[in-house]
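Secondary and tertiary structure notes
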Amino acid sequence: MKGLDGIGSIDQIFSKKLLISIDDGWGYSAFLKTIRKEIGRYYGNDIENIDIDEVSLGTGNGIEPWRSQVGTIKRLASGCEKNKNFAIVAYDMRAWIDKVSSADFLNEIRRIGQYAKNVLVIFRFSYMEMKKIKQIEENLSDVVSIRSIVIPPVTMENMVVYLKDKIKETKFEVDEACDSILEQWICQEKNEGNFFG
């Protein structure tokens, strides 16, 4: 970042769009907050002034929701430039996974990319195999500069180890027999919709 800033090319950071492949409950919100923190830290901005907009657009009205996003991004970028600030717009793309090769869709993504000055645009998909991510990346890279980040789900074994480490930090002892209890608890939380990673 410093090198780009030194030669007056800091716009390169915001010209690159991010494609993140991550399931619910595996740190997506934390990822967005970390990105905001890093942008704020580098530019010396109060992170509370850096908006994070999470946008989920349904497919019911065809491409129209994306056409309206072009205007939204224009206004947001204009406000950021005027106030010497930055913003993050994170699009939930899960409903659009089968449409990422559509010419109309790609045209709107290209237009969003053109106007996203001082706006970091993130496209979020569920975790999937690398072959599918590469296909999506290829489609999007035809119209915008893109960087992929893939965050695989954590296994049950990893979660149990993590929980046991957290328990040990509180000075409790952990019996090996608790593994199955922790696994049952995690499964119950997931079944009830209360598990957030």
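The structure we're discussing is the one just above.
Now for a quick tour of the structure. Here the residue numbering is sequential within each chain, running from 1 through the sequence in written order. Totals for whole chains, interfaces and linings use every residue, but because this is a predicted model, local features are given only for residues with pLDDT of at least 70 and side-chain atom pairs only at 80 or more, for both listing and counting. Water and hydrogen atoms play no part in the side-chain values, which are based on all heavy atoms of the structure.

1. Some details on the overall build of the chain
- Along the chain, the regular secondary structure elements total eight helices and five strands.
- Secondary structure elements follow DSSP: runs of H or I no shorter than four residues count as helices, runs of E no shorter than two count as strands, and numbering proceeds from the N terminus. In sequence order, the secondary structure elements of the chain are arranged as α-α-β-α-β-α-β-α-β-α-β-α-α.
- The 197 residues of the chain split such that 36% are buried.
- Throughout, a residue-residue contact means that at least one pair of heavy atoms, one from each residue, lies within 4.5 Å. Contacts in the chain between residues at least 24 apart in sequence constitute 76% of all its contacts with a sequence separation of at least 6.
- For the chain, the exposed area adds up to about 11,600 Å²; of that, 48% sits on carbon and sulfur atoms. For every residue, the accessible area (1.4 Å probe, protein chains only) is compared with the maximum for its type, and the residue is labelled buried under 20%, exposed over 50%, or partly exposed between those bounds. For accessible areas, the Shrake-Rupley method is used with a probe of radius 1.4 Å. Any residue's cover is judged against the shown protein chains and nothing else.

2. Some remarks on the environment of Ser180
- With respect to the helices and strands, the residue Ser180 is situated in helix H8 (residues 178-191).
- For the pair Ser180 and Val160, spaced 20 residues apart in sequence, the C-alpha to C-alpha distance is 8.9 Å.

3. Considering the packing of aromatic side chains
- Think of it this way: a Phe, Tyr or Trp ring, Trp meaning its six-membered ring, pairs with another when their centres are within 6.5 Å, and the plane angle makes it stacked under 30 degrees, edge-to-face over 60, tilted otherwise. Using the criterion set out here, one finds five aromatic pairs in the structure.
- Put simply, the rings of Trp66, Tyr91, Trp96, Phe105 and Phe123 touch in pairs and so form one group of aromatic residues.
- A ring has a charge above it when a Lys NZ or an Arg CZ is no more than 6 Å from the ring centre and no more than 35 degrees off the ring normal. We note Lys74 situated over the ring of Tyr115; from NZ or CZ to the ring centre the distance is 4.6 Å.

4. Some points on the pattern of salt bridges
- We define a salt bridge as a contact between a side-chain nitrogen of Lys or Arg and a carboxyl oxygen of Asp or Glu at a distance within 4 Å. Under the criterion given, the structure shown has seven salt bridges.
- Glu137 is the salt-bridge partner of Lys134, the closest N and O atoms lying 3.8 Å from each other. Highlighted residues: Lys134 and Glu137, both in helix H6 (residues 130-141), separated by three residues, approximately one helical turn.
- What makes Lys134 partly exposed here is its relative accessible area of 39%.
- Taking relative accessible area as the criterion, Glu137 reaches 19% and is therefore assigned buried.
- The salt bridge involving Asp179 is made with Lys164; its shortest N-O contact spans 2.9 Å.

Interpretation in functional terms is not warranted from these geometric data alone.
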